[in-house]
Amino acid sequence: MSRYATRDSITTAQLLKRKHAGERISMVTCYDSAFGRIVEESPIDVVLVGDSLGNVMLGFDSTLPVTVDHMIHHASAVTRVVRRPLVVVDMPFMSYQVSVEDALRNCGRVIKEASAQAVKLEGGSRIVPAVKALVDAGIPVMGHLGLTPQSVHTLGGYKVQGKGADARKAIIEDALMLAEAGIFALVLEMVPAELAAEITRKIAVPTIGIGAGAGCDGQVLVLHDLLGFDQDFNPKFLKKYANLGEAIGGALTKYDKEVKSGTFPTAKNEF
Ligand code: KIV
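Position numbers for residues start from 1 in each chain and track the written sequence from start to end. For a predicted model such as this one, the threshold for reporting local features is a pLDDT of at least 70, and the threshold for listing and counting side-chain atom pairs is 80 or more; totals across whole chains, interfaces and linings nevertheless cover every residue. In computing side-chain values, all of the structure's heavy atoms are included and hydrogens and water are not.

K.L.:
Residues and numbers for the side chain of Thr-200, please.
P.N.:
Each helix is a run of DSSP H or I of at least 4 residues and each strand a run of E of at least 2, with the numbering of both proceeding from the N terminus. Among the secondary structure elements, Thr-200 is positioned in helix α9 (residues 193-202). Looking at Thr-200, the relative accessible area reads 8%, which means it is buried. Throughout this description, a polar contact denotes any pair of N or O atoms lying within 3.5 Å of each other; where both atoms belong to protein, one of them has to be capable of donating a hydrogen while the other can accept it, and for residues adjacent in sequence the pair is counted only when both atoms sit in side chains. Within polar-contact distance, the side chain of Thr-200 engages the backbone oxygen of Ala-196 at 2.7 Å. The contact definition used throughout considers only heavy atoms, calling two residues in contact when any of these lie within 4.5 Å. What Thr-200 contacts, discounting residues up to four positions off in sequence, is Lys-19, Thr-207, Gly-215, Cys-216 and Asp-217. Throughout this description, buried means an accessible area under 20% of the type-specific maximum (1.4 Å probe, protein chains only), exposed means over 50%, and partly exposed covers the range between.

K.L.:
Explain the side chain of Glu-40 to me, using residue names and the numbers behind them.
P.N.:
Along the chain, the position of Glu-40 falls in helix α2 (residues 33-40). Neither His nor the chain termini are counted; the positive set is Lys and Arg, and the negative set is Asp and Glu. By definition here, a salt bridge exists when the distance from a side-chain nitrogen of Lys or Arg to a carboxyl oxygen of Asp or Glu is within 4 Å. Although Glu-40 is buried, it forms no salt bridge, and the closest oppositely charged side chain is Arg-84 at an N-O distance of 5.2 Å. Excluding anything up to four places from it in sequence, Glu-40 contacts Val-81, Val-82, Arg-83, Arg-84 and Pro-85.

K.L.:
Account for the sheet that holds strand β8 (residues 218-221), naming residues and giving values.
P.N.:
The strands that make up a sheet are held in pairs by hydrogen bonds between backbone atoms, and each pair lies either parallel or antiparallel. Read once around its circumference, the closed barrel built from eight strands follows the order β1-β2-β3-β4-β5-β6-β7-β8, with strand pairing classed as parallel. Direction aside, the axes of adjacent strands within the sheet are offset by 25 degrees on average. Strands pair, by our definition, only if DSSP identifies at least two bridges between them. Bridge count for strand β5 (residues 141-146) against strand β6 (residues 185-189) is five bridges, and the pairing is parallel. Residue pairing across strands places Leu-145 opposite Leu-188, the latter belonging to β6. Helix axes are fitted to C-alpha atoms over the stretch in contact, other axes to C-alpha atoms as well, and angles between N-to-C directions run from 0 to 180 degrees.

K.L.:
Any details on the site of the ligand? Residues and values, ideally.
P.N.:
Around the ligand, the neighbouring residues are Thr-29, Leu-48, Gly-50, Asp-51, Ser-52, Asp-90, Lys-120, His-144, Val-187, Ile-210, Val-220 and Val-222. Between the ligand and Ser-52, the relevant distance is 2.5 Å, taken from an oxygen atom to a side-chain nitrogen or oxygen of the residue. Interatomic distance of 2.9 Å between a side-chain N/O atom of Lys-120 and an oxygen atom of the ligand. Contact with the protein chains removes 95% of the 260 Å² of surface that the ligand exposes when unbound. Here the residues of the shell around the ligand sort into five nonpolar, four polar and three charged. If a single non-hydrogen atom of a residue is within 4 Å of a molecule or strand, that residue counts as near it. To be clear on the numbers: accessible area is Shrake-Rupley with a 1.4 Å probe, and residue cover counts the displayed protein chains and nothing else. Classification used: nonpolar for Ala, Val, Leu, Ile, Met, Phe, Trp, Tyr, Cys and Pro, charged for Asp, Glu, Lys and Arg, polar for all others including Gly.

K.L.:
Outline the packing of helix α6 (residues 128-136) against helix α8 (residues 165-181), supporting the account with residue identities and numerical values.
P.N.:
Remark: α6 packs on α8, axes separated minimally by 9 Å, with the N-to-C direction vectors making an angle of 25 degrees. Comparing the axis directions of α6 and α8 gives the class roughly parallel. Pair α6 / α8 crosses with right-handed handedness. Where α6 abuts α8, its residues Val-128, Val-131, Lys-132 and Val-135 lie against Met-177, Leu-178 and Ala-181. Put simply, angles under 35 degrees are roughly parallel, angles over 145 are roughly antiparallel, angles from 65 to 115 are roughly perpendicular, and the rest are oblique. Handedness of a crossing follows from how the near helix is turned relative to the far one, being left-handed for an anticlockwise turn of less than a right angle and right-handed for a clockwise one.

If you want it as structure tokens, here you go:
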């Protein structure tokens, strides 16, 4: 199978058309080919290889330790099997903040080595020079404002952003600047719903919300969260569409019991 886009593949241009046609966009995270195959067969539009893989797949307690090599390793597993949805890869902490040259080199690696179609960078005015250089180099960029987990220590925790008048104004200005710099879409995380709706009206590119209300052009959730892997993780913005944590735990308990009692394998499983 070709590793490149097919005739059915979702493009950044199609996402823009969706916004103008008032059609919503669905995005989920994905970090490996097991889930990639399932997402490929679903109607989901955009796959984000999020740096949330640091928490979900690697057991870190934040996204800060994630490296470009981690992202390439996981994104490659996804792009080996995902053809139709657009694949966007998060650039990890300190892979694009030091200089524009660094951003170009690291994003270029993700596009070349992992066959990603676009990258996502967190931040506002500070990253505008990098966004312009990447777009000039032919690399599509998704922005990310509001709760930007790579700045957790500056933000003082994982909490709603853009609440006061100044914070609200700053996020709107950042969104306008990023749109002007050439991003093709913008993630808005944990901001008041009416602020996200205002940004959605003000910028020409699609907004994708997480904890940002129904006024965005699309929604994103972490795949393992929406599938209910962690029974103790229940933030307000999350809706669980399955309870896989419990289902998998139950299956493992049953398997263990059958192995230990000698009821598995049976003659049906023998050669
Ligand atoms: O890394 C991630 O999963 C993300 C989404 C929550 C938007 O950035």
